[in-house]
Amino acid sequence: MPAVSKGDGMRGLAVFISDIRNCKSKEAEIKRINKELANIRSKFKGDKALDGYSKKKYVCKLLFIFLLGHDIDFGHMEAVNLLSSNKYTEKQIGYLFISVLVNSNSELIRLINNAIKNDLASRNPTFMCLALHCIANVGSREMGEAFAADIPRILVAGDSMDSVKQSAALCLLRLYKASPDLVPMGEWTARVVHLLNDQHMGVVTAAVSLITCLCKKNPDDFKTCISLAVSRLSRIVSSASTDLQDYTYYFVPAPWLSVKLLRLLQCYPPPEDAAVKGRLVESLETVLNKAQEPPKSKKVQHSNAKNAILFETISLIIHYDSEPNLLVRACNQLGQFLQHRETNLRYLALESMCTLASSEFSHEAVKTHIDTVINALKTERDVSVRQRAADLLYAMCDRSNAKQIVSEMLRYLETADYAIREEIVLKVAILAEKYAVDYSWYVDTILNLIRIAGDYVSEEVWYRVLQIVTNRDDVQGYAAKTVFEALQAPACHENMVKVGGYILGEFGNLIAGDPRSSPPVQFSLLHSKFHLCSVATRALLLSTYIKFINLFPETKATIQGVLRAGSQLRNADVELQQRAVEYLTLSSVASTDVLATVLEEMPPFPERESSILAKLKRKKGPGAASALDDGRRDASSSDINGAVEPTPSTVSTPSPSADLLGLRAAPPPAAAPAPASAGNLLVDVFSDGPAAQPSLGPTPEEAFLSELEPPAPESPMALLADPAPAADPGPEDIGPPVPEADELLNKFVCKNNGVLFENQLLQIGVKSEFRQNLGRMYLFYGNKTSVQFQNFLPTVVHPGDLQTQLAVQTKRVAAQVDGGAQVQQVLNIECLRDFLTPPLLSVRFRYGGAPQSLTLKLPVTINKFFQPTEMAAQDFFQRWKQLSLPLQEAQKIFKANHPMDAEVTKAKLLGFGSALLDNVDPNPENFVGAGIIQTKALQVGCLLRLEPNAQAQMYRLTLRTSKESVSRHLCELLAQQF
Amino acid sequence: MVTGRATPETSRGRVHAQTAKIRFILIQNRAGKTRLAKWYMQFDDDEKQKLIEEVHAVVTVRDAKHTNFVEFRNFKIIYRRYAGLYFCICVDVSDNNLAYLEAIHNFVEVLNEYFHNVCELDLVFNFYKVYTVVDEMFLAGEIRETSQTKVLKQLLMLQSLE
């Protein structure tokens, strides 16, 4: 077989590359390159027309220089010229130059369309492939606009060569992914499906990828691919190791095609047709059987190819989750791999078993491997394998093995790699809570976590232990005793001081009877840590001290002494200073009764939508359980929002000392992920100084906001969630919004709370709050059925430019939603600049094995970032006049859709966000409003006027803002409300 | 940062749009010199450079006892070392590891046949031909052709053209 010799064909290029390689320094290289660039430039500019060969050579040199990391600012035209050459080698270099450089020069694309068109029409398969590869490599929208219509034709044309079909299929895939709107579905789609039957396996290989992509969006249109894929797969897996000749790889028939077919089938539920299903199950069994056969070769390539198919088969079995027999066989097969000498296989087996653990059919089978997995956690050399082992232990954990798994994880934590400590901590915390049979075990576990890996215990974790201790009086004494003991350690972690300070401040009295932990001892123990702690912790400890004054009057003098010390009263930190001053005054002026009221023990934290806590309670007795369940069902069937509001009594009881304890005021630790700050800002707007008005009950507004605060991680799953902006699926992965999406969105233009969507399966409630350019939204997903939703995945997608206009941080929610249950998702929203289209909310889940998906418009419209502005009539008219450019005004005259009631209109305008200005418009029937749209990048002043005409049942709405698009958009939004 | 495998799709990363299954293919030597970079999604030049450096840092610290897979931002790198060269493919976390691992080997065998005992220098001097080999076997981030016979036949046919 002839081989390629070094740089054959282009001597000058080889010489140049050698020269570059021989350069001893970067400077020498740059010098050599500059010399070459000057040479090429002079050739291109010279009078003598260059022949094709020279042009190719120079363009290729330029490309080489570019790939070395240097900018190329000429030569593009010569490259484009090469495209029209009728010599393959010249054309190829031209296309290559364009594919590689196109990022830096998109102007090029327009210049080459013509050449590509010619090549596509050339009927020369080599040229057609070059053109198709170029389109696929560039994949830009311009390319799509120019060629998306031609490619399906080439793909299904009877006379296209196989290699052209292969390239056309993938080229189309690329264009479809980049701009799905440009690829028209049509009669070609049916013919594409039939490519699965093509004689040429390469064509099938390419076509399966295309079909997999297309069927994700249009599952029904491509349903026929199921039976074709099954029969193709069945033919491959049952063929002998040499039947497929060219497509046999190390005695494995068509491994990549098999994997692709198996992945295609994972886009659909199990086949409905019994014959097809039977054939498929048979094929899956064949794959499992073959895994047991002795290998046909000792080469790793053989086993890898074979196992690639096996793992994909197992994925499909897990995806169907309906064949207990296959699931258990898969589990046994993976069990064998857990001890395989190949690290890759051990890793993949752990990974795959993790998903098997969540199937009810195989959960028990997975559990039998616990010892092997624990051993892997201890002994694997590769940290990523240990991580998979930790994941699997977490997934297989249930009440029967929780103690063993938690203790193994704790043991592992002592030596675990820094990279995975935080994750292990979260897992332990969740498991300990989820499977706690007695709470002292839970408290011990969390304190152990802090002791072993204090730095990795995030605030959610220690907030949670405080919540649980506060809510469970049977564990309070034990917790106080345990933290007291833990604090004795000479070097204890600051998180331990926080937990200890809080718990002793609340429940220190429960252990005060023992002289070894008498009040003065407790105080001096805590205070011995004080000076080593951060401001946040010291603030918390000051609150503990004032609580001590109430709990233990005998410590009053000592503590007042501490508060009075210059280091507190004149502390440079304003928070500490304020606390010291206020607590000191409070302790001196307030009577014992007042103190006792103000510093009362914390009320139980409302246990809203903590599914884990609900589970814990259910064990307490059937009565409690049914009451809880009933409450939940009622809630989800009637008012989804009602379910999550704390009952009125819990709203009014919280003693203001909730703030005194510094949870709210404690700044997030520096390590907290940045995205949280948007939320904290929102809270800061409302949180007064923590001790500012201790005797006032929370106003309704504060009560609402207190729900928004971080200290109480409502859903334990939130612990594992991390902000996931980047993982948003691109718009191409979600379906179009439901038909009523706009109407649903309109309902929320003037209000922030309510039911966003409801069908037979699901109810989605919204609760949101906006301040300045920030917002926080709570979405409540209620499962209306009695069956668990699986793979529940709500995501927020920013179509088009929205990414740069609006930042939405979402927290992930649990992937399972039990029947009748509700989960909550928190969204932090930041308006970066003005925007016109709302983000999309895509909700996907599996219900009874069938995938469900739903796309809605998230009720975030630009007016949510309105800040009302009061102004006098004179100012209003002056500004109105200033905004008199024709484009600044938008006006609409429209018919009333609802009864014209002045009060309702007023409420709507206020809900819209603007201030309502009285006595401005000479006609009292009219409404006039003003406000500022707050975005990060700019502020847009807005004035509006609404003139109802009761006789005609019409309105005239006029908007004037400093930005044209905003005027029009606000006008449209508001006009739909009346 | 939490990187639970069971929930890969939300781990943090900076690679945004979803355009292809294979995000890029890189061939690098131990010193970090790039011998091939094929991108299947849009990155600007700075981002490409950053990715190249990150991949090198992630891959070269691993030894033969490690797996051939490594999590990378919100994707994963499937890689294999041949003498002084690392062949790396960046794919979605849910993609089939072993299939891509063998796709690398299949590609290397084709290079070996095409260049007759391929070595690093062949890739340097014939960089423009390596792109052709890649396009025959991978296109639009998907596996296009897997038969070595078919690929080599096509490459030799192209070789014979002027």
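Computed from a predicted model, the values in this text were never measured in an experiment.

## Looking at the nonpolar core
In this structure, Ile116(A), Met143(A), Leu196(A) and Phe138(B) are the most contacted members of the largest nonpolar core, which totals 272 residues. Residues in contact with Ile116(A), not counting those within four places in the same chain, are Tyr95(A), Ala131(A), Cys134(A), Ile135(A), Met143(A) and Phe147(A). Of all hydrophobic cores here, the second largest spans 62 residues; its members include Ile764(A), Val766(A), Val808(A) and Phe927(A).

## Structural notes on the sheet that holds strand 10 (residues 850-857) of chain A
All names here are of chain A. Reading across the sheet, the three strands line up as 6-9-10 and stay open at both edges, with antiparallel pairing between neighbours. Of all strands in the sheet, those bounded by a partner on one side alone are strand 6 (789-797) and strand 10. When the angles between neighbouring strand axes are averaged without regard to direction, this sheet yields 15°.

## Some remarks on helix 21 (residues 383-396) of chain A
With 14 residues, helix 21 of chain A should cover 20 Å at 1.5 Å per step; its first-to-last C-alpha distance of 20 Å lies within 8% of that length. Judged by how many residues are buried, helix 21 of chain A sits mostly within the fold: 12 of 14 residues are covered. Regarding helix 21 of chain A, the residues found buried are Ser384(A), Val385(A), Arg386(A), Gln387(A), Arg388(A), Ala389(A), Ala390(A), Asp391(A), Leu392(A), Leu393(A), Tyr394(A) and Met396(A). Those residues of helix 21 of chain A that are buried lie in contact with helix 18 (343-356), helix 19 (363-367), helix 20 (370-379), helix 22 (402-415) and helix 23 (418-434) of chain A together with strand 3 (69-72) of chain B.

## Some words on the packing of aromatic side chains
A complete count under the given rule lists 36 aromatic pairs over all chains for this structure. Ring centres of Phe24(B) and Phe43(B) lie 6.4 Å apart, and the angle between their planes is 70°; this geometry places the pair in the edge-to-face category. Taken as a pair, Phe24(B) in strand 1 (residues 22-29) and Phe43(B) in the loop between strand 2 (34-39) and helix 1 (45-60) lie far apart in primary sequence, 19 residues in all. The class of Phe24(B) is buried, set by a relative accessible area of 1%. Among the aromatic residues, ring-to-ring pairing joins Tyr781(A), Phe789(A), Phe792(A), Phe845(A) and Tyr847(A) into one connected group.

## Brief notes about the pairing of strand 2 of chain B
All names here are of chain B. Burial within strand 2 is extensive, with five of its six residues counted as buried. As defined by bridge partners, strand 1 adjoins strand 2 across five bridges and the pair is classed as antiparallel. From the neighbouring strand, Phe-24 faces strand 2, where its bridge partner is Trp-39. Linking strand 1 back to strand 2 in an antiparallel pair, the connection comprises four residues, with Gly-32 at a positive phi of about 95°.

## Notes on a negative patch on the surface
A contiguous patch of negative charge, built from Asp71(A), Asp44(B), Asp45(B) and Asp46(B), is present on the exposed surface. Position of Asp46(B) among the secondary structure elements: in helix 1. Residue Asp46(B) is classed as exposed on the basis of its relative accessible area of 63%.

## Side note on the confidence of the model for chain B
Residue and element names in this part refer to chain B. For chain B, the average pLDDT comes to 88, and 88% of its residues sit at 70 or higher. A low-confidence stretch, residues 1-19 stays under pLDDT 50, and its non-local contacts, those more than four residues away or across chains, total 62 contacts. Reported confidences for the modelled complex are a pTM of 0.66 and an ipTM of 0.91.

## What to know about the packing of helix 28 (residues 519-530) of chain A against helix 29 (residues 535-551) of chain A
Residues and elements named next belong to chain A. Remark: helix 28 packs on helix 29, axes separated minimally by 11 Å, with the N-to-C direction vectors making an angle of 160°. Relative to helix 29, the element helix 28 is oriented roughly antiparallel. With respect to the hand of their crossing, helix 28 and helix 29 are arranged in left-handed fashion. Two secondary-structure elements touch here, helix 28 through Gln-522, Phe-523, Leu-526, His-527 and Phe-530 and helix 29 through Arg-538, Leu-541, Leu-542, Thr-544, Tyr-545 and Phe-548.

## Observations concerning the state of the cysteines
Enumeration according to the criterion identifies zero disulfides over all chains in this entry. Free of any disulfide, Cys267(A) has its nearest neighbouring cysteine sulfur in Cys215(A), separated by 3.8 Å.

## Re the packing of helix 17 (residues 324-337) of chain A against helix 18 of chain A
All names here are of chain A. Packing of helix 17 against helix 18 brings their axes to within 8 Å, and their N-to-C directions diverge by 150°. Overall, the two elements helix 17 and helix 18 adopt an arrangement that is roughly antiparallel. Here the hand of the crossing between helix 17 and helix 18 comes out left-handed. Across the interface between the two elements, Leu-327, Ala-330, Cys-331, Leu-334, Gly-335 and Phe-337 from helix 17 touch Leu-345, Arg-346, Ala-349, Ser-352, Met-353 and Leu-356 from helix 18.

Rules of the game
Residues numbered from 1 in each chain as written. Chains lettered and ligands numbered in written order. Predicted model: local features only at pLDDT ≥ 70, side-chain atom pairs only at ≥ 80, totals over all residues. Heavy atoms only, no water. Core = buried A, V, L, I, M, F, W, Y, C linked by side-chain atoms within 4.5 Å. Buried < 20%, exposed > 50% of the residue type's maximum accessible area, 1.4 Å probe, protein only. Contact = heavy atoms within 4.5 Å. Pairing = 2+ DSSP bridges. Helix = DSSP H or I, 4+ residues; strand = E, 2+ residues; numbered from the N terminus. Axes fitted to C-alpha atoms, helices over the stretch in contact; angles between N-to-C directions. Expected span 1.5 Å × (residues − 1). Phe/Tyr/Trp six-rings, centres within 6.5 Å; stacked < 30°, edge-to-face > 60°. Patch = residues over 30% accessible without salt bridge, like charges linked within 9 Å, V, L, I, M, F, W, Y side chains within 5 Å. Areas by Shrake-Rupley, 256 points an atom, 1.4 Å probe, with all protein chains shown as cover. Salt bridge = Lys/Arg side-chain N within 4 Å of Asp/Glu carboxyl O. Lys, Arg positive; Asp, Glu negative; His and termini not counted. Charge placed at Lys NZ, Arg CZ, Asp CG, Glu CD. pLDDT = per-residue confidence, 0-100. Parallel < 35°, antiparallel > 145°, perpendicular 65-115°, else oblique. Left-handed = near helix turned anticlockwise from the far one by under 90°. Disulfide = S-S within 2.5 Å.

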